[in-house]
Amino acid sequence: MHSSLPSILVIAAAAGLASCQHRTVASRQAAYDSFDLPARKAANPSNVTVRISLGKQLMYIAEGDRYEDILLAAPVCVGAPGSPTPKGTYIVRAKDKNHRANTHGWAWNPATGAYRRSYRSTCPQGSVFTPTPMPYWIEFRSSAYGIHTGYVHPVPKSHGCIRMHKNIAPKAFELVRIGTPVIIADSHPWDATVGSTVPRPVDPSALPETPLKDCSPSIFSDHKPPVWHE
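Residues numbered from 1 in each chain as written. Predicted model: local features only at pLDDT ≥ 70, side-chain atom pairs only at ≥ 80, totals over all residues. Heavy atoms only, no water.

All right, on to the sheet that holds strand 2 (residues 58–62) then. Read around the closed barrel, the eight strands follow the order 1-2-3-10-9-8-4-11; overall the barrel is mixed. The average angle at which neighbouring strand axes cross in this sheet is 30°, direction not considered. Taken together, the three bridges between strand 9 (residues 146–149) and strand 10 (residues 162–164) define a ladder with parallel strand orientation. Bridging from a neighbouring strand, Ile147 pairs with Ile162 of strand 10. (Pairing = 2+ DSSP bridges. Helix = DSSP H or I, 4+ residues; strand = E, 2+ residues; numbered from the N terminus. Axes fitted to C-alpha atoms, helices over the stretch in contact; angles between N-to-C directions.)

Given below as structure tokens:
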């Protein structure tokens, strides 16, 4: 069942070759959008666990404790120092492919057509508030914390959630179910082995924000369908 794992990691390493530096915003966007990593389906979904390494900003989804049990190893973006991702052992509490944030998002002024970042509670009068999209939401600990699609930066930058690349998210979403353990720690034993081979996407810091896409239902379709490796 697990004989193909080394080839999966070779594929992952090859994918990292595409993560070179690009000079234009358009080419960097294209490189970021094309990032993807291989994954395998679980033989027994009840044995799956999610392990998050805060120090390495890596997510391991595995069907056991051995190297051969890894189904998906992927980069993530965790909480910034001022809004850290909580450490501990949790379970998946809820899943929602089309989830949006409860408190923050975009304020659109119909008179000017301008968008601005806003909280629901401070949305200017006369503006229309649309919550931030969090596709493929996998909730743990409470409704305030989840693993979801978002820009994967090379440094901790979220408000406490764990962000996945949009092409990784559908795979992680399918691999877990309600009750799947989520173990979040500063490090995991796989960091020094598997973790050293996992590529990261290009740094999205220079990429523009996209309020029109964020405010449209189409944002939830902006993901590659998962392709599974044997």
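Picking up after the structure, the text goes on.
We now examine the side chain of Thr132. Tracing the backbone through its elements, the reader meets Thr132 in strand 7 (residues 128–133). Given the relative accessible area of 12%, Thr132 is considered buried. Separated by 3.5 Å, the side chain of Thr132 and the backbone nitrogen of Gly105 make a polar contact. Every residue in contact with Thr132, bar those within four places of it in the chain, is listed here: His99, Arg100, Ala101, His104, Gly105 and Arg117. (Buried < 20%, exposed > 50% of the residue type's maximum accessible area, 1.4 Å probe, protein only. Polar contact = N/O pair within 3.5 Å; in protein donor to acceptor, adjacent residues only side chain to side chain. Contact = heavy atoms within 4.5 Å.)

Let us now look at helix 2 (residues 25–34). Within helix 2, burial applies to Arg28, Gln29, Ala31 and Tyr32. One face of helix 2 carries all of its buried residues, which in axial projection span an arc of 165°. (Arc of directions from axis to C-beta.)

Pairing in this open sheet of three strands is antiparallel, and the strands run 6-5-7 from one edge to the other. Pairing within the sheet leaves two strands with one partner each, and these edge strands are strand 6 (114–119) and strand 7. Each strand of the sheet is rotated relative to its neighbour by a mean of 40°, with strand direction disregarded. As defined by bridge partners, strand 5 (residues 100–109) adjoins strand 6 across six bridges and the pair is classed as antiparallel.

Our focus in this paragraph is unusual backbone geometry. Not every positive phi belongs to a glycine, and Gln57 is a case in point at roughly 50°. In this structure Gln57 comes out as buried when scored by relative accessible area, which is 3%. Positive phi, normally seen in glycine, also occurs at Tyr136, with a value near 55°.

For Pro154, the position within the fold is in the loop between strand 9 and strand 10. A residue is classified by how much of its surface remains accessible, and Pro154, at 44% relative accessible area, is partly exposed. Those residues in contact with Pro154, other than ones at most four positions away along the chain, are Gln57, Arg200, Asp203 and Pro204.

Think of it this way: side chains of opposite charge can pair up when their charged atoms draw near. One pass over the structure, following the stated rule, counts 11 salt bridges. For Glu209, the salt bridge goes to Arg117, with nearest N and O atoms at 3.0 Å. Here Arg117 lies in strand 6 and Glu209 lies in the loop between strand 11 (181–185) and helix 4 (211–214), a separation of 92 residues in the sequence. Asp222 is paired through a salt bridge with Lys213; the nearest N and O atoms lie 3.3 Å apart. Residue classification places Asp222 among the partly exposed residues on the basis of a relative accessible area of 26%. Here the residues in one salt-bridge network are Asp33, Lys166, Lys213 and Asp222, joined through shared partners. (Salt bridge = Lys/Arg side-chain N within 4 Å of Asp/Glu carboxyl O.)

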